[in-house]
Amino acid sequence: ARNWRGNLLSFGGCFKANDDSRWLNDCWVYSPARNEWTEIETSKTPGAVRPPPRSACVLAVTGDTLVVWGGYSEVKCDNAVKAAGKEHVDAWTLALDTGIWERLSLKGRPPSQRAGANAVGKGDLCYVFGGVHDQDGEGLSPASEFYDDVGILDLAARRWHQAISGGGPAPR
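What counts, and where the lines are drawn
- Residue numbers here run from 1 along each chain, matching the order of that chain's written sequence.
- Predicted model: local features are reported for residues with pLDDT of at least 70 only, side-chain atom pairs are reported and counted for 80 or more only, and whole-chain, interface and lining totals are derived from all residues.
- To get the side-chain values, all heavy atoms of the structure are used, and hydrogens and water are removed first.
- Put simply, a salt bridge is a Lys or Arg side-chain nitrogen that is within 4 Å of an Asp or Glu carboxyl oxygen.
- Per the convention used, a helix needs a DSSP run of H or I reaching at least four residues, while a strand needs a run of E reaching at least two, with both numbered from the N terminus.
- The buried label goes to any residue with under 20% of its type's maximum accessible area, the exposed label to any with over 50%, and the partly exposed label to all in between, with areas taken from a 1.4 Å probe on protein chains only.
- Contacts are assigned to residue pairs with any non-hydrogen atoms lying within 4.5 Å of each other.
- For two strands to be treated as a pair, DSSP must find no fewer than two bridges joining them.
- Comment: axis = line fitted to C-alpha atoms, over the contacting stretch for helices; angle = value between 0 and 180 degrees taken between N-to-C directions.
- Distance and chemistry together define a polar contact, namely a pair of N or O atoms within 3.5 Å, with one atom able to donate a hydrogen and the other to accept it when in protein, and with adjacent residues in sequence counting only for side-chain atoms on both sides.
- Just so you know, the count uses Lys and Arg for positive and Asp and Glu for negative, and it drops His and the chain ends.

Q: When you look at the pattern of salt bridges in this model, what are you seeing that I'm missing?
A: When charged atoms on two side chains of opposite charge get close, those side chains can pair. Summed over the entire model, instances satisfying the criterion amount to six salt bridges. When the shortest N-O distance is used, the salt bridge between arginine 158 and glutamate 102 registers 3.0 Å. Within this pair, whereas arginine 158 is found in the loop between β15 (149-154) and β16 (159-165), its partner glutamate 102 is found in strand β10 (residues 100-103), the two being separated by 56 residues in sequence. According to the relative accessible area criterion, arginine 158 is partly exposed, its value standing at 30%.

Shown next, in the form of structure tokens:
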């Protein structure tokens, strides 16, 4: 969740209980002043694009734009006991004033696949730190690799830049 105009902005997520598993791609705003949630109406016109459902994705707000990158979801496979994990590498923006999503075509080298990274937006830049890559292992145990690098997404240039790696907080 992120701050937008003094409100809490939330995108996506998952719900898992027993045999019920749902991955979400909706966007909501919580107003502390009114103590209420409102769903952001996104374009429902035929052919309109929106990010696939996911959780643990990067969220950053720059002005009236929400940036979504990466994240995790599960894909059910035919006759599989367990769904396969999928880490997303796509980047999206949502114009919060119009509700229109755009999938970004980016240059440069993005950070490696991951979920659970931290991010902050400032001007046209989105700084992404850390996160984890889970590799499905035998049985139900994933092997995890944690990161301590910083990637910078320049929205104006539509390009990824690599900043520092190491020398700061421990991987997380």
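Here the narrative resumes.
Q: How should I be thinking about the environment of proline 169 in this particular structure?
A: With respect to the helices and strands, the residue proline 169 is situated in the segment after β16. Proline 169 gets classed as partly exposed once you look at its relative accessible area, which sits at 44%. Residues proline 169 and aspartate 149, spaced 20 residues apart in sequence, show a C-alpha to C-alpha distance of 9.4 Å. Each residue touching proline 169, except ones within four places of it in the same chain, is listed here: Phe129 and Asp148.

Q: It is not clear to me how the sheet that holds strand β2 (residues 7-17) should be interpreted in this structure. Could you clarify?
A: Strand pairing in a sheet relies on backbone hydrogen bonds. The paired strands run either parallel or antiparallel. One open sheet holds the four strands; their spatial order is β1-β2-β3-β4, and the pairing between them is antiparallel. The sheet is open, and its two borders are formed by β1 (2-4) and β4 (36-39), each paired with just one other strand. Taken pair by pair, the neighbouring strands of this sheet meet at an average axis angle of 40°, ignoring direction. Direction of pairing for β1 relative to β2: antiparallel, over a ladder of three bridges. Residue pairing in the sheet places tryptophan 4 in a bridge with asparagine 7 of β2.

Q: Can you walk me through the side chain of arginine 54 in this structure?
A: Mapped onto the elements, arginine 54 comes out in the loop between β4 and β5 (58-62). The exposure class assigned to arginine 54 is buried, which follows from its relative accessible area of 0%. A polar contact is formed between the side chain of arginine 54 and the side chain of aspartate 90, at a distance of 2.8 Å. Among all residues touching arginine 54, those that are not within four sequence positions of it are Phe11, Gly12, Gly13, Trp23, Leu24, Val68, Gly70, Tyr72, Ser73, His88, Asp90 and Trp92.

Q: Explain the side chain of glutamate 87 here, please?
A: Tracing the sequence through the fold places glutamate 87 in strand β8 (residues 84-87). The side chain of glutamate 87 is buried and forms no salt bridge, while arginine 114, the nearest opposite charge, is found at 7.9 Å. Here histidine 133 takes part through its side chain, which lies 2.3 Å from a polar atom of the side chain of glutamate 87. Reaching out from glutamate 87, the side chain makes a polar contact with the backbone nitrogen of aspartate 134 at a distance of 3.2 Å. Each residue touching glutamate 87, except ones within four places of it in the same chain, is listed here: Gly71, Tyr72, Gln113, Arg114, Ala115, Val132, His133 and Asp134.

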